[in-house]
Amino acid sequence: MIEVSDLRKTFTVYRRAGRLRRERRQVTAVDGVSFSVEPGEMVGYIGPNGAGKSTTIKMLTGILVPSSGWLLVAGLTPARRRTELAKRIGVVFGNRTQLWWDLPLRDSFELLRHIYRVPGADHRRRIAELRGLLDLDPFLDTPVRQLSLGQRMRGELTAALLHAPDVLFLDEPTVGLDIVSKARVRDFLAQLNRERGVTTLLTTHDLSDIERLCPRMVIIDRGRVLYDGGTAEIAARFGAERTLVVDLAETRPPLHLARGLVVRTDGPRQWIRFRSEEMTAAALIAAISEQAQLVDLSIEEPDIEEVVRRVYTGEAVLA
Amino acid sequence: MVDRLATLTTYRRLATASMRARAQYRLTFGLDFAAQLVAGVSEFLAILVIFHHLPRLGGWSLPEVAFLYGLAGISFALTDALIGQLDTLGQMIRMGTFDVFLVRPLSGLLQVATSDMQLKRLTKAVQAGAVLTFAIANLHIAWSAGKLVMFAAAIGSGAAIFSGVWIAGSAIGFWTTDIQEVVNSFTYGGNYLTSYPINIFGVWTRRFLAFVVPMAFVAYYPSLFILGKPDAVIGLPALAFVTPLIAVLTLSVGLGVWRAGVRHYRSTGS
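My aim in this report is to walk through the structure given alongside it, one point at a time. (Residues numbered from 1 in each chain as written. Chains lettered and ligands numbered in written order. Predicted model: local features only at pLDDT ≥ 70, side-chain atom pairs only at ≥ 80, totals over all residues. Heavy atoms only, no water.)

## Re the interface of chain A and chain B
Each partner contributes residues to the interface: chain A has 32 residues there, and chain B has 26 residues. Across the chain A to chain B interface the summed buried area is about 2700 Å²; carbon plus sulfur atoms make up 56%. Where chain A packs against chain B, one counts three salt bridges. For the pair chain A and chain B, the interface holds 15 residue pairs in polar contact (both at pLDDT 80 or more). For the side of chain A that touches chain B, the elements supplying multiple residues, two or more each, are β1 (2-16), α2 (82-86), β5 (89-93) and α3 (105-115) of chain A. (Contact = heavy atoms within 4.5 Å. Buried area = accessible area lost by both parts, 1.4 Å probe. Salt bridge = Lys/Arg side-chain N within 4 Å of Asp/Glu carboxyl O. Polar contact = N/O pair within 3.5 Å; in protein donor to acceptor, adjacent residues only side chain to side chain. Helix = DSSP H or I, 4+ residues; strand = E, 2+ residues; numbered from the N terminus.)

This is how it looks when you write it as structure tokens:
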């Protein structure tokens, strides 16, 4: 459904050098990326900031024309057949809206129906279905600008699906969402993929999105593919490792724990890395409170920057 | 043909939707409306002041200049109402909103234009219409079928010429987003120029307005024909008849520049 082969995108950036002189510099945002996605697959496309994720998505959706390489989405060359492709794909950008800010959500859907020329009966059927799945009824008549981020994202997903696309591109769909909204969006995406087989490419910062949704992931960094394979393998190496951050009643030397390693301290705050399969967070907390008085705590999940960093420092060897 | 009609329906939907969105801010709408009206009235007052000191301006009487002003004003107001939103293209590019438009099966130009239709922009048409009515009431024009056709063609062609210049100017935003002011000098400045008889400008300005940025074909040449006046550019009042042609040409150039701009944007992403 998506085929990418040796895809490259080079930008020319100008930098001021002196009063009038400008320096020309070539920046390669995407540097020979290849991968393919089968129909019905749900793939995580992840990498640190500036890795080339968005540039790739822009080329796949036909916004940007590649510098070189070959790509095919739903059987079409995106850059050349942008309008045709637009009817076959759905796109959600987490950080910008495709809805009409000042109008009720319902009106945005009606406008999109006209833009995509969806027959009235199909439109009504899909709206009815998505209303139930995403529980849109409480805010269907609210102007978009008054929606919470979570509600808006449910609206964005509906908007991207009204023309029944074959491929769905999700660019950071959970960015900024609280845990409840995040879970809701994830459940919906999982169901969508399971029941309708919509091919989905998901970019995110949040490794837990991928763990929950995508059996396969492609990690890119500096425009190149660093890893393409099962999410379970990555999760076994990194996902299992979490960090418990504890605030103690007083500043103390690093705690000594049977399972769990203090990796950093800052005044009364200590960072303890532990592996989920060896011990639960609850057991670890119990062990700590035997030694010191706990004031506050939180658990940090590993993030993608951390994974990439560890690949480079040789802590992990991929593929 | 069916395709064109469907696009037209979509356009109408998008346009009314954005007007509906605007109408939510009633107070802003009212204030905008009042501000536009004051601006429009003071603009025409400037002309009245000139005629307070001079009986004629470049051989044109007050009602004649009012005719010119009204005709140009209506064309400009139509253009402003239809595509005035193009002024925000630079901002849309910076915010990434334009990318959202590109993943939809509809022209980007149409989506930018309808992103925020402001009815206040038609205030100018009302005010220009009033001036035009005053002019016609005082001019004793011998209306013929030809003159009526010219009158209608002048409004449409004027709007098309303004649109062509406006679209081309805005499309420069695809290369650089820093020149909105320069572009404004052509669009809003163009409206100012077309409100006065061309004779009051130097000979090179006249030629520039007639043949480079064809503002002379907005109101000026059609008015020559309707009012029966001589041409001050190259002495050829019959140029009035090529107005629709110039309009189509200007609009095509504007659309061409827009397409080139989108192409540039899609290869550089800047």
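## Comments concerning a nonpolar patch on the surface
Residue and element names in this part refer to chain B. Taken together, the side chains of Phe-29, Phe-33, Leu-37, Val-41, Leu-45, Leu-48, Leu-78, Leu-119 and Leu-122 define a hydrophobic patch exposed on the protein surface, amounting to about 680 Å² of accessible area. The leading source of residues in the nonpolar patch is helix α2 (residues 26-53), at six residues. As for its position among the elements, Leu-122 is in the loop between α6 (108-113) and α7 (123-139). Leu-122 gets classed as partly exposed once you look at its relative accessible area, which sits at 33%. (Patch = residues over 30% accessible without salt bridge, like charges linked within 9 Å, V, L, I, M, F, W, Y side chains within 5 Å. Areas by Shrake-Rupley, 256 points an atom, 1.4 Å probe, with all protein chains shown as cover. Buried < 20%, exposed > 50% of the residue type's maximum accessible area, 1.4 Å probe, protein only.)

## Side note on the sheet that holds strand β13 (residues 294-300) of chain A
Note on sheets: strands pair through backbone hydrogen bonds, and any given pair is parallel or antiparallel. Residues and elements named next belong to chain A. Pairing in this open sheet of four strands is antiparallel, and the strands run β11-β12-β10-β13 from one edge to the other. The outermost strands of the open sheet, each flanked by one partner alone, are β11 (261-266) and β13. Ignoring which end each strand starts from, the neighbouring axes of this sheet average 20 degrees apart. When β11 meets strand β12 (residues 269-275), the two strands line up antiparallel, connected through five bridges. Within β12, the position partnered with Thr-265 by the bridge is Gln-270. (Pairing = 2+ DSSP bridges. Axes fitted to C-alpha atoms, helices over the stretch in contact; angles between N-to-C directions.)

## As for the pattern of salt bridges
Residues and elements named next belong to chain A. Inspection of the entire model under this criterion finds 25 salt bridges over all chains. Asp-228 is paired through a salt bridge with Arg-216; the nearest N and O atoms lie 3.0 Å apart. Of this pair, Asp-228 sits in strand β9 (residues 224-230) while Arg-216 sits in strand β8 (residues 216-221), and the two are 12 residues apart along the sequence. The exposure class of Asp-228 is partly exposed, given its relative accessible area of 36%.

## Remarks on the side chain of B:Arg266
Along the polypeptide, B:Arg266 turns up in helix α12 (residues 243-268). Buried charge without a salt bridge: B:Arg266, with B:Asp99 as the nearest opposite-charge side chain at an N-O distance of 8.6 Å. Of the polar contacts made by the side chain of B:Arg266, one reaches the backbone oxygen of A:Ile63; its length is 3.2 Å. Not counting residues within four places of it along the chain, the set of residues in contact with B:Arg266 comprises A:Lys9, A:Gly62, A:Ile63, A:Leu64, A:Val65, A:Pro78, A:Ala79, A:Arg82 and B:Leu102. (Lys, Arg positive; Asp, Glu negative; His and termini not counted.)

## A look at the layout of surface pockets
Taken as a whole, the largest pocket spans an internal volume of roughly 770 Å³. Along its surface, the largest pocket is lined by 25 residues, and A:Leu99, A:Trp101, B:Met92, B:Thr97 and B:Ser115 are the ones closest to its centre. Top contributing element to the lining of the largest pocket by residue count: helix α1 (residues 2-23) of chain B, with four residues. (1 Å grid on protein atoms, 1.4 Å probe; cavity = no way out; pocket = protein on both sides within 12 Å on 5 of 7 lines; lining within 4 Å. Points joined across faces, edges and corners; volume = space filled by probe spheres on them.)

## Section: the sheet that holds strand β2 (residues 22-37) of chain A
Residue and element names in this part refer to chain A. Here three strands make up an open sheet; going across it, the order is β2-β1-β4 and the pairing antiparallel. Edge positions in the sheet fall to β2 and β4 (68-73), since each has one partner strand and no second. Taken pair by pair, the neighbouring strands of this sheet meet at an average axis angle of 30 degrees, ignoring direction. Inspection of the sheet shows β1 paired to β2 by 13 bridges, in the antiparallel sense. Its bridge partner lying in β2, Arg-16 is registered against Arg-22. In the packing of helix α1 (residues 53-60) onto the sheet, contacts are made with β1, β2 and β4, and the angle to β1 comes to roughly 120 degrees.

## Points about the pairing of strand β6 (residues 167-171) of chain A
Residues and elements named next belong to chain A. A large share of β6 lies buried, amounting to five of its five residues. Where burial is concerned, the two faces of β6 agree: the one with Val-167, Phe-169 and Asp-171 and the one with Leu-168 and Leu-170 are both buried. Examined bridge by bridge, β5 and β6 share five bridges and lie parallel to one another. Opposite Val-91, over in β6, you have Phe-169 as the bridge partner. With five bridges joining them, β6 and strand β7 (residues 199-204) adopt parallel strand pairing. Residue Leu-170 lies in a different strand from β7, and its bridge partner there is Leu-202. Between the parallel elements β6 and β7, the chain passes through helix α6 (residues 179-196) in a crossover that is right-handed. (Right-handed = clockwise from strand over helix to strand, strands pointing away.)

## Here we look at empty space enclosed by the protein
Summed over the entire model, instances satisfying the criterion amount to four cavities of 30 Å³ or more. The volume enclosed by the largest cavity comes to roughly 90 Å³. Lining of the largest cavity is provided by 14 residues; of these, A:Val91, A:Gln98, A:Tyr116, B:Val100 and B:Val103 occupy positions nearest its centre. Elements with a minimum of two residues in the lining of the largest cavity: β5 and α5 (149-161) of chain A. Of all the elements, β5(A) adds the most residues to the lining of the largest cavity, at four residues. Among the residues forming the lining of the largest cavity, the class breakdown is seven nonpolar, four polar and three charged. (Nonpolar A, V, L, I, M, F, W, Y, C, P; charged D, E, K, R; others polar.)

## Here we look at the packing of helix α3 (residues 62-83) of chain B against helix α8 (residues 145-171) of chain B
Between two packed helices, the angle of one axis relative to the other and the distance separating the axes together describe the packing. All names here are of chain B. In contact at an axis separation of 8 Å, α3 and α8 are set at 50 degrees when each is read in the N-to-C sense. In terms of orientation, α3 and α8 fall into the oblique class. By crossing handedness, the relation of α3 to α8 is classed as right-handed. Here Phe-67, Leu-71, Ala-72, Ile-74, Ser-75, Phe-76, Leu-78, Thr-79, Asp-80 and Ile-83 of α3 come into contact with α8, specifically with Phe-151, Ala-154, Ile-155, Gly-158, Ala-159, Phe-162, Ser-163, Trp-166 and Ile-167. (Parallel < 35°, antiparallel > 145°, perpendicular 65-115°, else oblique. Left-handed = near helix turned anticlockwise from the far one by under 90°.)

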